[in-house]
Amino acid sequence: MPKSINKGGALAASLGRLARRQETGSFMGMVVVYIFFAALGGTTFLGAPGFSSFLNMAGEIGIIALPVGLLMIAGELDISVGSVIPASSMTVAIISGHYGLPNAVGIIGGLSVGVLVGYINGLLVTRTAIPSLIITIGTMFGVMGLTLGLSILIAGSTGVFIVPDAWAKSLLGSAIGGMFQVTIFWWVGFVAIMFYLLHISPYGNWIYALGGDRESARKAGIPTQTLTTQLYILSGFAAAFVGVAQVVTFNSAQVAAGQSFVFNSIMCVVIGGVLLTGGSGSVIGIVIGTLTFAIVNQGIFFSSLDPNIGSVIIGALLLAAVLSNDSFRQIAMGLSIRKKDMRVPS
Amino acid sequence: MSDTIPVLELRKVDKSFGPIDVLHEISLKVNKGEVLCLLGDNGAGKSTLIMNLCGVQQPTRGDILMDGEKVSFQGPKDAADRGIATVHQFGGTFPLMSIGRSFFVGVEPTKGWGPFKIYDRKRANEIAVKAVQDFGITRIDDGDRLVGGLSGGERQSLAIARAVHFGARVLILDEPTAALGVKQAAHVLRIVNEAKRRGLAVIFITHQVMHAMAVGDHFAVLIRGAVAADFKRGDKTREEITDLMAGGETMADLEANIAGYMETHDGHPPTIVA
């Protein structure tokens, strides 16, 4: 049967190609985790309650993980997202709740806070030689302090209430069927835009080049500084968007909210196969990483396990992801020379 | 050759960083279809010279001329626009990007219109693979392969093919063979010859005299930031060039010294006292 052998060969070849794709490992991890919690959580987890619980979480964190992932592909980190979320929530609550200005003004104000912090991050990262990790930790604390100080100064409290208009509520803070947060659909929109940016438009190539070798990218005529700043603005905007959605959903803003997003967003990105050193990763991978993270995080409540086990599983997943990323890079580089070790001064 | 206008010429170029003179009155020229080999030991000023040639730095004094006209490069992009392409030791390519993507980095071919531009992967891959194969690297046939999977020589070749494809007239090769094995180096030297045959002016920087002699038409030896010797192919032997690079102390003397020491010390080379 030569025909069937041929077919089998072609199938094996395309399977082989699929297996070499970096997302495949992440995808298998997600499936394993899902089956694990489906077995433990039973029908509630398999039904709408289970789906809505992890999708709600994935939607919120996914909106931030996408631009953070793009930054990581470009070789930079953004820690400041953790304080942009409460800063933008608070801005909305103060403008529209405390002062009673129209909701639209508050929302635009909240989003502007994110854009501004992103712009400052971008300026600092491109104009100094300080690693972006340190810079964004710095801006995170700066923004956190300002949020706290200004909230107490203006509203006299660390929690401010707001009654959002009906349009704002339905657009940003409602739940479809009483379960599925509308942020899930915003997330889908963000995924589409980021997918276009990274994989379809020529800018994606610039982002990969930036993470691969900044100096070569600059010499190739890529406006590296502008691009880096734009990516920071994007992540600031996304974090502010989540902050705005939160304040509209919960009708109040808290100064301390949002810190968990710092590590969670980075973990989603790394579980999704983005290299910590930059230069490699994909939007599909980040989406898979986000879903995996959310499944573990929420699935634990549907199982009879101790919720603390969830953290252990996430930790193990993270290590497994980094290990497989590393071996992926080894395979990709083949036997080629180690770049830094071989450099001879001339 | 005296009546042809050199593609690139340096006239008494100085470069100082504060009180330190790194380059001193460098005068060089390179013609179309000619390979100028720039030889020099570590620290002789080769890297600084390259940075001045490719627009990363500007000379403190002196002129750079292209086709007989004075030019001043505002940055690497400016120099590149005028047709000066620099290929660095490791090819300046991105190990985790595909061949097609890294070939077109910064100048991606697109289809579609307005803000909805689409990176044309198929066309990028086709052009990249063809450009590299035209240089005789037939092993590269899939533009989706990652650059990191190529050998060092192939990466150099890819970078040179890229420079030529984008209309380079002057090709500056910074130690292209330094980290390569014998076969891979031979590979790159063939590519250099091919670039020369296509009429490019090539500046080949190396401290490997053998490699320089294999492709060079014209040689310049840099010592402590100055041109210590400037000669044509066949004017000097390999030993003479090596001696020049070592700064006057002849290699034969050094070798004799070491051999003499080893004879009296049970075959051990002399310990180095800094």
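Starting afresh in each chain, residues are numbered from 1 along the sequence in its written order. Lettering of chains starts at A and numbering of ligands starts at 1, both following the order in which they are written. Selection of residues for local features in this predicted model requires a pLDDT of at least 70, selection of side-chain atom pairs for listing and counting requires 80 or more, and totals for whole chains, interfaces and linings are taken over all residues.

### Some details on the overall build of chain A
Line of reasoning, step 1. Starting at the N terminus, helices and strands are each numbered in turn, a helix being any DSSP run of H or I of at least four residues and a strand any DSSP run of E of at least two. Summing up its helical and strand segments, chain A has 14 helices and four strands in all.
Line of reasoning, step 2. Three classes are used. A residue is buried when 20 or more other C-beta atoms lie within 10 Å of its own, exposed when 12 or fewer do, and partly exposed in between, with C-beta atoms placed from the backbone. Looking at chain A residue by residue over its 346 residues, the buried ones come to 51%.

### Re the overall build of chain B
Line of reasoning, step 1. When you go through chain B residue by residue, the secondary structure sums to nine helices and twelve strands.
Line of reasoning, step 2. Judged by the C-alpha coordinates and their principal axes, chain B covers about 75 × 45 × 40 Å.
Line of reasoning, step 3. Split into buried and exposed, the 274 residues of chain B put 46% on the buried side.
Line of reasoning, step 4. With C-beta atoms placed from the backbone, a contact is any residue pair whose C-beta atoms sit within 7 Å. Restricting to contacts in chain B with at least 6 residues of sequence separation, those with at least 24 account for 66%.

### As for the domain arrangement of chain B
All names here are of chain B.
Line of reasoning, step 1. Here chain B is partitioned into domain 1 (8–98 + 149–235) and domain 2 (237–274).
Line of reasoning, step 2. Listed as interface residues are eleven residues of domain 1 and, on the opposing side, seven residues of domain 2.
Line of reasoning, step 3. The biggest single contributor to the side of domain 1 that touches domain 2 is strand β11 (residues 218–223), with three residues.
Line of reasoning, step 4. Ten residue types, Ala, Val, Leu, Ile, Met, Phe, Trp, Tyr, Cys and Pro, are classed as nonpolar, four, Asp, Glu, Lys and Arg, as charged, and the remainder, Gly among them, as polar. The residue inventory of the side of domain 1 that touches domain 2, partitioned by class, reads eight nonpolar, two polar and one charged. Reported domain spans reflect what an automatic or database domain assignment gives.

### Re the sheet that holds strand β5 (residues 69–71) of chain B
Residue and element names in this part refer to chain B.
Line of reasoning, step 1. Note: two strands are recorded as paired if DSSP finds a minimum of 2 bridges between them. One open sheet accounts for four strands, arranged β2-β1-β4-β5; its pairing is antiparallel. Unpaired on one side and paired on the other, β2 (20–30) and β5 mark the two borders of the sheet. Within the sheet, the average angular offset between the axes of one strand and its neighbour, ignoring direction, is 30°.
Line of reasoning, step 2. Bridge count between strand β4 (residues 61–66) and β5: three bridges; the pairing is antiparallel. Axis definition: a line fit to C-alpha positions, over the contact stretch in the case of helices; interaxial angles, taken between N-to-C directions, run 0 to 180 degrees.

### What about unusual backbone geometry?
All names here are of chain B.
Line of reasoning, step 1. Even without being a glycine, Lys 12 presents a positive backbone phi close to 45°.
Line of reasoning, step 2. If you trace the backbone, Lys 12 turns up in strand β1 (residues 8–17).
Line of reasoning, step 3. Its identity as a non-glycine residue notwithstanding, Glu 175 has a phi of 50°, on the positive side.
Line of reasoning, step 4. Counting through the fold element by element, Glu 175 comes out in the loop between β9 (170–174) and α6 (182–197).
Line of reasoning, step 5. Overall, the presence of 23 C-beta atoms within 10 Å leaves Glu 175 in the buried class.

### Quick word on helix α6 (residues 132–155) of chain A
All names here are of chain A.
Line of reasoning, step 1. For α6, which comprises 24 residues, the first-to-last C-alpha distance of 33 Å matches the rise-based estimate of 34 Å (1.5 Å per residue) to within 8%.
Line of reasoning, step 2. Every buried residue of α6 is listed here: Ser 132, Ile 135, Thr 136, Thr 139, Met 140, Val 143, Met 144, Thr 147 and Ser 151.
Line of reasoning, step 3. Those residues of α6 hidden inside the fold are in contact with α4 (81–98), α5 (103–127) and β1 (159–161). Helices are assigned an expected span. That span is 1.5 Å times one less than the residue count.

### Points about the nonpolar core
Nonpolar side chains in soluble globular proteins generally cluster together in the buried interior.
Residues and elements named next belong to chain B.
Line of reasoning, step 1. The nonpolar core is taken to be a set of buried Ala, Val, Leu, Ile, Met, Phe, Trp, Tyr and Cys residues joined by way of C-beta atoms within 7 Å. Core analysis: the largest hydrophobic core is formed by 181 residues, its most contacted members being Leu 39, Leu 171, Val 202 and Phe 204.
Line of reasoning, step 2. The residue makeup of this core includes at least three contributed by each of domain 1 (8–98 + 149–235) and domain 2 (237–274).
Line of reasoning, step 3. Here Phe 204 is in contact with Val 35, Leu 36, Cys 37, Leu 38, Leu 173, Val 192, Ala 212, Val 215 and Gly 216, once residues within four sequence places are set aside.

### Some remarks on the sheet that holds β9 of chain B
All names here are of chain B.
Line of reasoning, step 1. Taking strand neighbours across the sheet as the criterion, the six strands line up as β6-β9-β10-β3-β11-β12 in an open arrangement whose pairing is mixed. Both outer strands of the open sheet, β6 (84–87) and β12 (226–232), are each paired with one neighbouring strand and no more. For this sheet, the mean inter-axis angle between neighbouring strands, taken without regard to orientation, is 20°.
Line of reasoning, step 2. Across four bridges, the pairing between β6 and β9 is parallel. Each bridged residue has a counterpart across the sheet, and for Ala 85 the counterpart in β9 is Leu 171.
Line of reasoning, step 3. Set on the sheet, helix α1 (residues 46–53) makes contact with β3 (35–40), β6, β9, β10 (201–206) and β11; between it and β9 the angle comes to about 150°.
Line of reasoning, step 4. Against the sheet, helix α8 (residues 238–245) makes contact with β3, β11 and β12, and its axis sits at roughly 30° relative to β11, the strand it touches most.

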